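Coordinates in review
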Amino acid sequence: MYTIKDLYDLDHTLASEYLSQFTYPWEALKGIKDMIIALGETLGDDYEERAPQVWVHKTAKVFDSAYLGAPCIIGPNTEVRQCAFIRGSALVGADCVVGNSAELKNVILFDHVQTPHYNYVGDSILGYFSHMGAGSITSNVKSDKQLVVVHNGTEKIETGLKKFGAMLGDYVEVGCNAVCNPGTVIGRHSNVYPTSCVRGVVPENCIWKNSGEIVEKR
């Protein structure tokens, strides 16, 4: 339900080899920076190193007002729009959108991911064709600053991480102004209603409603 194999098709990210060594996706968070640096050194002539450890594919469109912090990789045909803030340690795949005033930090975005309007995504992995509606964010630190625990019903999975936002499986849709609390894991093809406050594990092919009720798609 919440392993890498459960959530992601690894054929749609440059991080495939890196992610395949882990069982749970949050285990990959600590090494994203080093992975990007190593991967960047292997990229071919289709990528430009626009600043030290900032690799951008020649077909990507990056607005002049966007900030690209090192290390990061921006994939083919991706748009990084007005005033986007990539703080660093961000691997952004092909055909993605990083929109106006969106902020990324320590993340992997698979191909065709959209974070198009006022999104904060930190210490998270977003699967193939996942989409975050306007204003939706990943909250990556608990208010009491304790280590994040993944809750799956009565099961509690210790992560050992202070910073852990959300793991969105392939084709996940997160509605506008929703908050994914620390340690959120959302299975493939699931939807989150707008303005929801999401916690724990949402199984695949389900809908998280505003009240926190989870229903299976029909």
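Residues numbered from 1 in each chain as written. Predicted model: local features only at pLDDT ≥ 70, side-chain atom pairs only at ≥ 80, totals over all residues. Heavy atoms only, no water.

It is worth spelling out the pairing of strand S1 (residues 47-51) at this point. Across four bridges, the pairing between S1 and strand S2 (residues 54-57) is antiparallel. Counterpart to Glu48 in the pairing with S2 is Val56. Counted between consecutive antiparallel strands, the loop separating S1 from S2 contains two residues, among which Gln53 sits at a positive phi close to 65°. (Pairing = 2+ DSSP bridges. Helix = DSSP H or I, 4+ residues; strand = E, 2+ residues; numbered from the N terminus.)

Approximately 220 Å³ is the volume found for the largest pocket. As for the largest pocket, its lining consists of Ser139, Val141, Lys142, Ser143, Val149, Val150, His151, Asn181, Pro182, Gly183, Arg199 and Gly200. Broken down by class, the residue content of the lining of the largest pocket amounts to four nonpolar, six polar and two charged. (1 Å grid on protein atoms, 1.4 Å probe; cavity = no way out; pocket = protein on both sides within 12 Å on 5 of 7 lines; lining within 4 Å. Points joined across faces, edges and corners; volume = space filled by probe spheres on them. Nonpolar A, V, L, I, M, F, W, Y, C, P; charged D, E, K, R; others polar.)

Right, let's get into the pattern of salt bridges. Counted by the stated rule, this structure contains five salt bridges. With its nearest N and O atoms 3.0 Å apart, the salt bridge here joins Glu103 to Arg87. A residue pair is termed long-range when its members are at least 10 positions apart, and Glu103 in strand S9 (residues 103-109) and Arg87 in strand S7 (residues 85-92) qualify at 16 residues. Take Arg87: its relative accessible area is 39%, and that puts it in the partly exposed class. Note that Arg188 and Asp170 form a salt bridge whose closest N and O atoms lie 3.3 Å from each other. (Salt bridge = Lys/Arg side-chain N within 4 Å of Asp/Glu carboxyl O. Buried < 20%, exposed > 50% of the residue type's maximum accessible area, 1.4 Å probe, protein only.)

Let us look at the side chain of Ser124. The topology assignment puts Ser124 in strand S11 (residues 120-126). In terms of polar contacts, Ser124 uses its side chain to reach the backbone carbonyl oxygen of Gly122, at 2.7 Å. If near-sequence neighbours (up to four positions away) are discounted, Ser124 is found in contact with Leu29, Asn106, Val107, Ile108, Thr138, Gly165, Ala166 and Met167. (Polar contact = N/O pair within 3.5 Å; in protein donor to acceptor, adjacent residues only side chain to side chain. Contact = heavy atoms within 4.5 Å.)

The next subject is helix H3 (residues 32-40). Along H3, the positions that sit buried rather than exposed are Ile32, Met35, Ile36, Leu39 and Gly40. All buried residues of H3 project into a common sector of 125° when viewed along the axis, lining one side. (Arc of directions from axis to C-beta.)

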